[in-house]
Amino acid sequence: MSHSPSLPDRPTLNLDPDMPVEERLVALREHYVNVSRVHDELSDQLELARDRQSELREDVTELQKENEALKTSSLYLATVEELTDDQVLLKQHGNNQEVLTDVSPRLYDQLEAGDRVAINDSFAIQTILDAETDARAQAMEIAEKPDVTYADIGGLEAQITEVREAVEDPLLNPEAFEKVGIDPPTGVLLHGPPGTGKTMMAKAVANRTDATFIKMAGSELVQKFIGEGARLVRDLFELAAEREPAIIFIDEIDAIAAKRTESKTSGDAEVQRTMMQLLSEMDGFDRRGDISIIAATNRFDMLDRAILRPGRFDRLIEVPEPDIEGRTQILSIHTRRMQLDPDVDLERIAGDTEGFSGAELESLATESGMFAIRDGRTEVAREDFDAALQKIERDDSPGTPVAFY
Ligand SMILES: Nc1ncnc2c1ncn2[C@@H]1O[C@H](COP(=O)(O)OP(=O)(O)OP(=O)(O)O)[C@@H](O)[C@H]1O
């Protein structure tokens, strides 16, 4: 990289008042010549600097493009097998395909055989994965003790009771199951429309039992970590064993456990491998009560029945859209930190929001607060809820179904 050239010395002019006029004139001429030279040198330098600036701008644009590409495209994982003189031999995970690829000198210097890297469709290396950016860390959300409690969940009393029996009791009181001589359920499957509180329930059990909450999203396993699904599932169970007591929460399990389709693309094979790994982890799972598995889906109809066999997800709990009573409770939970004008009638609002999920009721409350803020008030009034409701209904229409179940 070029360094900035040093600046030319500033010419000095020493005019002795006693000098004859001619000599002063000569000195002035000389000074003029020097000043012009310095001016030319500085102009040259300025031009060089401008060139450099536009080069750097191009670099920035290039890097921004790379950055965008990195954010938007699907990435595949590969391991560096060997570094040749100026190329890198990679082995792609999942299909074990070997490819030789070019790399920039900057990346080349950082690479070592054995490194795990993310590559794009054209096998260009996008990033080197270090311990932190390793797929395991990215694919799992881990919380020591999530802060959601049962009191934060509205309208799901029966479901909460079932979850507590199936997950909490075996964790807190395993002897009871031993004494009675039954095995606790292996896995609990929560199914129902989006935004109805499934994730919240899993977090609340973890909170109650002081368990580590480890979440993995099925869709990410197959879309983002192509070729890594099976390994990540294995890692998930290993991590849970390290962090006992733990609750494994697999969201959108339908993404890895959908019924087999006719098409036989490699993507399907990869999904199958991920699901087989999950089934084998569950089958080999020694249910001692300190690790619980909860999965959730909005697409119960799509599930491969193999995952519902005894010893797998053998406890099904339906989490429906809230009824009017549930909606009232959810609204009161999400408005409990707000100052409500006495004319706000949550039951009436619940009556007007048939078909709303918990998540949608939460946004209704937030949206109402926004209307109050816009109006310069701290108290939220009935008309704010009316305006929010109108806005949400307008945004949803025409024809976008609220839930898809
Ligand atoms: N029953 C409920 N009580 C209170 N809040 C709720 C309820 N259901 C949903 N919410 C609100 O909606 C948000 C999303 O809910 P959650 O993530 O539990 O839904 P989910 O059923 O897991 O949805 P998805 O299927 O989309 O993953 C929560 O953070 C919460 O604020």
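Residues numbered from 1 in each chain as written. Predicted model: local features only at pLDDT ≥ 70, side-chain atom pairs only at ≥ 80, totals over all residues. Heavy atoms only, no water.

### Things to note about helix α4 (residues 157-172)
The largest bend in α4 is about 40 degrees, located at R164. Packed against the buried residues of α4 are α5 (174-180), β7 (187-191), α6 (198-208), β9 (246-251), β10 (291-297) and β11 (313-318). (Bend = angle between axes of the 7 residues up to and from the residue. Helix = DSSP H or I, 4+ residues; strand = E, 2+ residues; numbered from the N terminus. Contact = heavy atoms within 4.5 Å.)

### Some details on the nonpolar core
Among the nonpolar cores identified, the biggest contains 34 residues, and F237, I253, L278, I307 and F313 are the most heavily contacted of them. Every element with two or more residues in this core is listed here: β8 (212-217), α7 (218-223), α8 (229-242), β9, α9 (266-283) and β10. With six residues, the top contributor of residues to this core is α8. Residues within four places of I307 in sequence aside, it is in contact with I253, A257, M275, L279, R312 and F313. (Core = buried A, V, L, I, M, F, W, Y, C linked by side-chain atoms within 4.5 Å. Buried < 20%, exposed > 50% of the residue type's maximum accessible area, 1.4 Å probe, protein only.)

### A short note on the UniProt feature "binding site: ATP" (unreviewed entry) in the chain
The UniProt feature table records "binding site: ATP" (unreviewed entry) at G195, T196, G197, K198, T199, M200 and H334. Its location among the elements puts G195 in the loop between β7 and α6. In this structure G195 touches S357, G358 and A359, once residues within four positions along its chain are discounted. With relative accessibility at 28%, the residue M200 sits in the partly exposed group. Those residues in contact with M200, other than ones at most four positions away along the chain, are V148, D152 and I153. (UniProt positions renumbered as here; feature names shortened; annotations may be inferred.)

### Some details on the pairing of β10
Burial analysis of β10 places seven of its seven residues in the buried class, the great majority of the element. Bridge count between β7 and β10: five bridges; the pairing is parallel. Paired with H191 across the strands is T297, a residue of β10. (Pairing = 2+ DSSP bridges.)

### Re the sheet that holds strand β1 (residues 76-83)
Strand order across the open sheet formed by five strands is β3-β2-β1-β4-β5, with antiparallel pairing between neighbours. Edge positions in the open sheet fall to β3 (98-102) and β5 (125-129), since each of these has one partner strand only. When the angles between neighbouring strand axes are averaged without regard to direction, this sheet yields 40 degrees. Here β1 runs beside strand β4 (residues 116-119); their pairing, made up of four bridges, is antiparallel. What sits directly across from L77, in β4, is A118. (Axes fitted to C-alpha atoms, helices over the stretch in contact; angles between N-to-C directions.)

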